[in-house]
Amino acid sequence: TPSTTSQDSGTISSTASSAAPSYFRILLLGSHGVGKSLLTKHFMSSENVFTSDETAASEAAVSIVLDGEESIMEFCSVFTDTLPSEDINVDAYVVVFSITDRESFSRSLTLLHHLRNDLGTDRTMVLVANKTDLVRNRMVSGAEARSAACTYKCKYIETSATLNHNVDELLVGTLSQIRLKLNPDAI
Ligand code: GDP
């Protein structure tokens, strides 16, 4: 199978170096109904993902080979009625809102502010604007969301879980951000 190249990251392939895979935990946060479950479902069935013995243990873990290095990414998703009381030991927070639901955007800003400013986390954070297929019901502009992401030093990405649009980019983009943080000198 030929390798595919993602927009902001390296090359995905089915052949990994012999090094042991890295293991990363990703926490998806956001209001109820914004698409966290559907996004996670697509991560699991991504064409870039290869199941291995390690991933068989958990339904929500995938193995992904990026730039010849294998990583296992495990996802958990929480509906945050209350704000986290401490900086959770994960490798990335992925905060999701729906472009059709302004309240979910406000909620995501509250979460980002809480994580960065109140809890002072330095972890990788990604802000996800989901449901981009519902163009006519859009309530949050890309410019506004991008600017918020910039304020909180997050990567910003727009997805449609329904159309499976940009979902692989979200997966690979999150992994790239995590690796960059671990190894800032890498190109
Ligand atoms: P969660 O509560 O955040 O886990 O949200 P779900 O993944 O359960 O999604 C809530 C509802 O929104 C479901 O009916 C999904 O089918 C729908 N949904 C999720 N993502 C999208 C999307 O990108 N576009 C559209 N139109 N609907 C979506």
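Residues numbered from 1 in each chain as written. Predicted model: local features only at pLDDT ≥ 70, side-chain atom pairs only at ≥ 80, totals over all residues.

In its Sequence similarities (unreviewed entry) section, UniProt records this for the protein: "Belongs to the small GTPase superfamily. RGK family." (UniProt positions renumbered as here; feature names shortened; annotations may be inferred.)

1. With respect to the pairing of strand β7 (residues 124-130)
In terms of residue burial, β7 counts as a mostly covered element, since seven of its seven residues are buried. Relative to β7, strand β6 (residues 92-98) runs parallel, the two sharing seven bridges. Pairing of S98 across the sheet is with N130, part of β7. A crossover connection joins β6 to the parallel β7 through helix α3 (residues 102-118); in handedness this β-α-β unit is right-handed. Taking the sense of rotation as the criterion, the β-α-β connection linking β7, helix α4 (residues 142-151) and strand β8 (residues 155-158) turns out right-handed. (Buried ≥ 20, exposed ≤ 12 C-beta atoms within 10 Å, placed from the backbone. Helix = DSSP H or I, 4+ residues; strand = E, 2+ residues; numbered from the N terminus. Pairing = 2+ DSSP bridges. Right-handed = clockwise from strand over helix to strand, strands pointing away.)

2. So, the site of the ligand
Neighbouring the ligand are 15 residues; G35, K36, S37, A161 and T162 lie closest to it. Here the shell around the ligand is composed, by residue class, of four nonpolar, eight polar and three charged. (Near = placed C-beta within 6 Å. Nonpolar A, V, L, I, M, F, W, Y, C, P; charged D, E, K, R; others polar.)

3. Digging into helix α1 (residues 36-44)
Burial in α1 covers these residues: K36, L39, T40, H42 and F43. Taken end-on, α1 shows its buried residues confined to a sector of 160°, consistent with a single buried face. (Arc of directions from axis to C-beta.)

4. A few points about the nonpolar core
Membership of the largest hydrophobic core comes to 43 residues, with the highest contact counts inside it found for V94, V95 and V128. Not counting chain neighbours up to four residues away, the residues in contact with V128 comprise V94, V95, V96, I157, T159 and L170. (Core = buried A, V, L, I, M, F, W, Y, C linked by C-beta atoms within 7 Å. Contact = placed C-beta atoms within 7 Å.)

5. A few points about the environment of N137
Relative to the elements of secondary structure, N137 occurs in the loop between β7 and α4. Judged by C-beta crowding, with 11 C-beta atoms within 10 Å, N137 ranks as exposed. Spatially, the C-alpha atoms of N137 and G33 are 15 Å apart, while their sequence positions differ by 104 residues.

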